[in-house]
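# Working through the structure, step by step
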Amino acid sequence: MKTPALASLLLLCPALALAQQEVDRATTTATPTPNANQLERVSVTRQQTDTDLRRREPVAKQLYGREELDKYGDTQLSDVLKRLPGINVSGGQLRMRGLGGAYTQILVNGEPAPPGFSLDNLNPAQVERLEVSKAPTADQTAQAIAGTLNIILKDAPRIVQKDLRIGVAYANEKPIVNGGFTYGNRTVGGLGFVLPINVFQWDNRNETDGERLRDTGATRLSSSGADRSHGRGVNVSPRLNWKLGDDETLSLQGFFITNRFFNDGNNTTEVLASNASSVLPQSVLDETHNRGTFSAQRVNLQYNNRFGEDRRVELRAGAGRGGADFKFDFLGRDKNGVQTVTRTTTGDNSNRNATLSGKYSQYAGEAHTVTTGAEIERRTRDETRRTVENGVDLLPGIEGQPFDATITRTAAYAQDEWEINKQWSAYFGVRHEQIKTVSNGIGSEFNSTSKVTTPLLHLNFKPDPKARDLIRASLTRSYKAADVQQLIARPTINTDYPATGANARTNTQTAPDRIGNPDLKPELATGLDIAWENYLPAGGLISVGVFHRRITGLVRNSLVLEQNVSWASVPRWVAKPINLSKATTEGLEFEIKGRASELFPSLFEPATALSMRASLNLYRSRVADIPGPDNRLEGQQPWQFNFGADYRLKSLPVNMGFSAQIAPKFNVQQTALQSQETLPARSLDAFVAAQLSKQDGVRFSVNGLFQPKQGTRVAIINGDYNLSERKPVAWWSVNWEHKF
């Protein structure tokens, strides 16, 4: 027959080898009757899928649960996220709608993630579900111009859970081991708990290449080398639920991360061309060694109480702390191996925070649910940093001196969820938020306050109340506040060009010094989102959406030749963040997923256990104060395409699948003088999973196949440029899971 033959070809095709999807979600139970002549009564129940939950959300939101989190046996949450529609992860930074730079908000259980938090350090086994919102809501901070990722940590299970996971992965010099154990249960007295513990390692290596043209074309350099990043850590996220009454609960959630990291590199530079006006590098045989630690601890207490049928209160309190330290050594030698540069940079920081929030909800009539709430958060950060080159402080009087910052965020909001009729529903909200930042220290004293009011409107329309189609529209306001590092006016010197002493030289546009700007204001965005969602009967989905954002007060780095600066005896090129006038971005988002027989009924039989998915995202943006044609928002690619498939064997308990991501090369005009080209990106992930018994399963997977060289090329209008490339390596892994 045609369909089995096609399915066989799909299995043999390398692009379709390896991943998992639970296809049959129906559970059928037969109840026998004493009378043999009487028909048996059959009860059919269908477990709610992520797609079902998404359809019932009052605002546009994508939900991903255990199926997506476990599918590839990932040990890093960033690997799960990069396969989701409209999301990509670059350098550990989450991007939605092609926008990074804090345009995308990351929350953990509805609260901002700890400072220094990395998606690479969180195991998907610790996560209950992921919530991806494209437009803000009133009950969460509106610092989400591109969208919000809310990471919901694992909740106490309804029945006893004991899982052990052990994995071995390889990408570099030696295999690494990852492991996790989860124990959860509900005991007498309304108590429930879960204790997920995960230990992890990483070991990445990249071959690097570079090419530079500088000094107005007088100097041409090429470089090659390698960098290696490795380390280890542990995560624990215990949770305790206590049911005080039928409508009253108390929850205690902990979140603890600690890791130790090591980064080592070597680089060889060759001078291809130079003349009398050239500034030759201080060294051509370079080594780098970076060592450090990171930790974060957070505890949250939550109280919920429902008063009767129409009132509910939620109270939260939390406290956390964390910090990091590092030591970075640079050893430079000339072509004869004689050491010419010894530079050591050391630093440490500590963070503390405390939060209080309350929310009150009440039904108003039969159609309205009104909610009001308030929040307050206080964060403090203490930091020191020092750079010593050849025994001399690089910035005497500034480096080595401690500085601190205190950030106080307050917010109040109100919202109304309105069920207008069977076809229409609406969500109205308004949120006022204030952020006050105060810093003390040499070169870092400032006081900055930003206030933003964000009105919000979400509409849902069902063309046919009995059908499954849904049209969503949102008109919202969001913003992005400047972070502490952008505000602090302490300079960071480009060490390729000494700033003081007998060798002091003016640097170039491709190697500027950097400084913060305490006068920065928040970026404000007015957004419109419209989407049509068609939910198919067997659980599939077809979605088409468009969005538009108009941003005012856009922050971009200016590049200026300063004749007099406090840290140098010669003129220096300086990059400094400033508020530009405005920018716009818009896009088209297409998503399709479901069983192959439902999406393409003429090609596949209903029993074919093949699921397919694809998403295409098109983006365009323009910055008003920068000349075109490539005056795009920083780092936003023109398009991104994801596709994949999962297949389940009928004769064996084996699942397999793949997921691919593709993005093109693109150029961004950063200033009137400087542009940056980003190289194309593509990657293939695949897996095969076998259920060995009721308790044991094994999963083989690979992440990052067929990746080309990645990197950027920064070019100046005078012809100078700096090209940096790296060749990433694929990860191979095997994971075993045992359920007690």
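Now for a description of the structure that goes with this document. (Residues numbered from 1 in each chain as written. Predicted model: local features only at pLDDT ≥ 70, side-chain atom pairs only at ≥ 80, totals over all residues. Heavy atoms only, no water.)

### Structural notes on the environment of threonine 492
- Position of threonine 492 among the secondary structure elements: in the loop between α5 (484–487) and β25 (513–514).
- For threonine 492, a relative accessible area of 41% corresponds to the partly exposed category.
- Sequence separation between threonine 492 and glutamate 399 is 93 residues; the distance between their C-alpha atoms is 9.8 Å.
- Other than its neighbours up to four places away in sequence, threonine 492 contacts Arg385, Asp513 and Arg514. (Helix = DSSP H or I, 4+ residues; strand = E, 2+ residues; numbered from the N terminus. Buried < 20%, exposed > 50% of the residue type's maximum accessible area, 1.4 Å probe, protein only. Contact = heavy atoms within 4.5 Å.)

### Overview of the sheet that holds strand β6 (residues 104–108)
- Ordered by their spatial adjacency, five strands build an open sheet running β3-β8-β9-β6-β7, and the pairing between neighbours is mixed. Lying at the two open borders of the sheet, with one neighbouring strand each, are β3 (61–64) and β7 (111–112).
- Summarising the sheet, β6 and strand β9 (residues 147–153) pair through five bridges and their orientation is parallel. Along β9, the bridge assignment pairs isoleucine 106 with leucine 149. (Pairing = 2+ DSSP bridges.)

### Some points on unusual backbone geometry
- For the bond running from glycine 628 to proline 629, omega is 15°, close enough to zero to count as cis.
- In this structure, proline 629 sits in the loop between β31 (610–623) and β32 (639–648).
- Residue asparagine 390 is not a glycine yet carries a positive backbone phi of 50°.
- The residue asparagine 390 is located in the loop between β19 (368–389) and β20 (392–393) in this model.
- Residue classification places asparagine 390 among the partly exposed positions, given a relative accessible area of 45%.
- Positive phi, close to 60°, is recorded for phenylalanine 706, a residue that is not glycine.
- Along the chain, phenylalanine 706 turns up in the loop between β37 (696–705) and β38 (710–716).
- Relative accessible area serves as the criterion here: at 58%, phenylalanine 706 is assigned to the exposed category.

### A word on the side chain of glutamate 737
- Residue position: glutamate 737 is located in strand β40 (residues 731–739).
- A distance of 3.2 Å separates polar atoms of two side chains, one belonging to glutamate 737 and the other to lysine 739.
- The contact partners of glutamate 737, leaving out residues within four places of it in the chain, are Asp163, Leu164, Arg165, Gln695, Asp696 and Gly697. (Polar contact = N/O pair within 3.5 Å; in protein donor to acceptor, adjacent residues only side chain to side chain.)

### Things to note about the environment of threonine 369
- Of note, threonine 369 is situated in strand β19.
- Relative accessible area serves as the criterion here: at 22%, threonine 369 is assigned to the partly exposed category.
- Once the C-alpha coordinates of threonine 369 and leucine 580 are considered, the two residues, 211 residues apart in sequence, prove to be 40 Å apart.
- Apart from the residues lying within four places of it in its own chain, the contact partners of threonine 369 are Gln362, Tyr363, Gln415, Asp416 and Glu417.

### Concerning the packing of aromatic side chains
- Counted under the stated rule, the structure contains ten aromatic pairs.
- Ring geometry for tyrosine 183 versus phenylalanine 193: centroids 5.4 Å apart, planes at 80°, classification edge-to-face. In this pair, tyrosine 183 is assigned in strand β11 (residues 176–186) and phenylalanine 193 in strand β12 (residues 191–214), connecting sequence segments ten residues apart.
- Tyrosine 183 sits in the partly exposed class, given a relative accessible area of 27%.
- For phenylalanine 193, a relative accessible area of 24% corresponds to the partly exposed category.
- Pairing tryptophan 424 with phenylalanine 461 gives two aromatic rings, centres 4.6 Å apart and planes at 40°, and the pair type is tilted. Here phenylalanine 461 lies in strand β23 (residues 446–461) and tryptophan 424 lies in strand β22 (residues 424–440), a separation of 37 residues in the sequence. (Phe/Tyr/Trp six-rings, centres within 6.5 Å; stacked < 30°, edge-to-face > 60°.)

### Structural notes on the environment of arginine 312
- With respect to the helices, strands and loops of the structure, arginine 312 is situated in strand β17 (residues 311–333).
- A relative accessible area of 36% means that arginine 312 is categorised as partly exposed.
- Considering only alpha carbons, one finds arginine 312 and serine 361, 49 residues apart in sequence, at a separation of 5.1 Å.
- Those residues in contact with arginine 312 that sit more than four places away from it in its chain are Asn304, Asn305, Arg306, Lys359, Tyr360 and Ser361.

### Focus: empty space enclosed by the protein
- All chains considered together, the criterion is met by seven cavities of 30 Å³ or more.
- Quantified by volume, the second largest cavity comes out at close to 300 Å³.
- Elements represented by at least two residues in the lining of the second largest cavity include exactly β3, β24 (469–480), β26 (523–535), β27 (541–552) and β30 (582–595).
- Partitioned by chemical class, the residues of the lining of the second largest cavity number nine nonpolar, five polar and nine charged. (1 Å grid on protein atoms, 1.4 Å probe; cavity = no way out; pocket = protein on both sides within 12 Å on 5 of 7 lines; lining within 4 Å. Points joined across faces, edges and corners; volume = space filled by probe spheres on them. Nonpolar A, V, L, I, M, F, W, Y, C, P; charged D, E, K, R; others polar.)

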